[in-house]
Amino acid sequence: MTGSASGSAHVLVVADNEDDRGELATILLGEGYVVTAESTVSGGLLRLRENATDIVLLDIASPKNTCFDVCRQIQEIADVPIILISAEHDEVGVASTLERCVGDYITKPVRARELLARL
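Residues numbered from 1 in each chain as written. Predicted model: local features only at pLDDT ≥ 70, side-chain atom pairs only at ≥ 80, totals over all residues. Heavy atoms only, no water.

Draft legend 1. Local environment of the overall build of the protein chain. A tally of regular secondary structure across the protein chain gives five helices and five strands. Mapped in sequence order, the helices and strands of the protein chain form the string β-α-β-α-β-α-β-α-β-α. The buried share of the protein chain, reckoned over its 119 residues, is 42%. Counted over contacts in the protein chain with a minimum sequence separation of 6, partners at least 24 positions apart contribute 62%. As presented, the protein chain carries roughly 6,400 Å² of accessible surface, and 49% of it is formed by carbon and sulfur atoms. (Helix = DSSP H or I, 4+ residues; strand = E, 2+ residues; numbered from the N terminus. Buried < 20%, exposed > 50% of the residue type's maximum accessible area, 1.4 Å probe, protein only. Contact = heavy atoms within 4.5 Å. Areas by Shrake-Rupley, 256 points an atom, 1.4 Å probe, with all protein chains shown as cover.)

What follows is the structure, encoded as structure tokens:
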């Protein structure tokens, strides 16, 4: 991440649920982050190609795209940390995801202070 903990850091939020996407953007904007929000994986990948991004928050519950596939696609475009946001609380599933593709994992419901601390 560039700059201070907030301020100039650019966060790409890819979340298919409009309410979740809006909540994440509101939290981040309130702390001075630059935020780009997309509702689809394809839109997120396009934005990643177009804009310098410091970190990706990924909250996609699509049967078409597993998080592993999406993480691989993101990593092919840019070397950025990925934080996965998921309703999955299973310890084995979380550990597997952390080992295979993401830098961090946040379970829903997202707590603002936790999100900001992880960023």
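Draft legend 2. How the structure looks around empty space enclosed by the protein. Overall, the coordinates contain one cavity of 30 Å³ or more when judged by the stated rule. Approximately 50 Å³ is the volume attributed to the largest cavity. In this structure, the largest cavity is lined by L12, V14, V41, G44, L45, L48, V56, L58, V70 and I74. Looking at the lining of the largest cavity, the elements that each hand over two or more residues are strand 1 (10-15), helix 2 (41-50), strand 3 (55-59) and helix 3 (67-77). The greatest single-element share of the lining of the largest cavity, amounting to four residues, is contributed by helix 2. When the residues that make up the lining of the largest cavity are grouped by side-chain class, the tally is nine nonpolar, one polar and no charged. (1 Å grid on protein atoms, 1.4 Å probe; cavity = no way out; pocket = protein on both sides within 12 Å on 5 of 7 lines; lining within 4 Å. Points joined across faces, edges and corners; volume = space filled by probe spheres on them. Nonpolar A, V, L, I, M, F, W, Y, C, P; charged D, E, K, R; others polar.)

Draft legend 3. Expanded view of the side chain of T36. Following the sequence through the fold, T36 ends up in strand 2 (residues 34-38). Residue classification places T36 among the buried residues on the basis of a relative accessible area of 16%. Not counting residues up to four positions away in its chain, the partners in contact with T36 are H10, V11, L12, V13, R47 and N51.

Draft legend 4. Structural detail: the pairing of strand 1. For strand 1, the buried fraction is high: six of the six residues fall into the buried class. Here strand 1 shows a buried face lined by H10, L12 and V14 and a second buried face lined by V11, V13 and A15. Relative to strand 2, strand 1 runs parallel, the two sharing five bridges. Its bridge partner lying in strand 2, H10 is registered against V34. Once the chain exits strand 1 it traverses helix 1 (residues 18-30) before rejoining the sheet at strand 2, and the crossover so formed is right-handed. Of the pairings in the sheet, the one linking strand 1 to strand 3 comprises five bridges and is parallel in character. Bridging from a neighbouring strand, L12 pairs with V56 of strand 3. (Pairing = 2+ DSSP bridges. Right-handed = clockwise from strand over helix to strand, strands pointing away.)

Draft legend 5. Representation of unusual backbone geometry in the model. With an omega of 0°, the peptide bond between K108 and P109 qualifies as cis. Tracing the sequence through the fold places P109 in the loop between strand 5 (104-107) and helix 5 (112-118).

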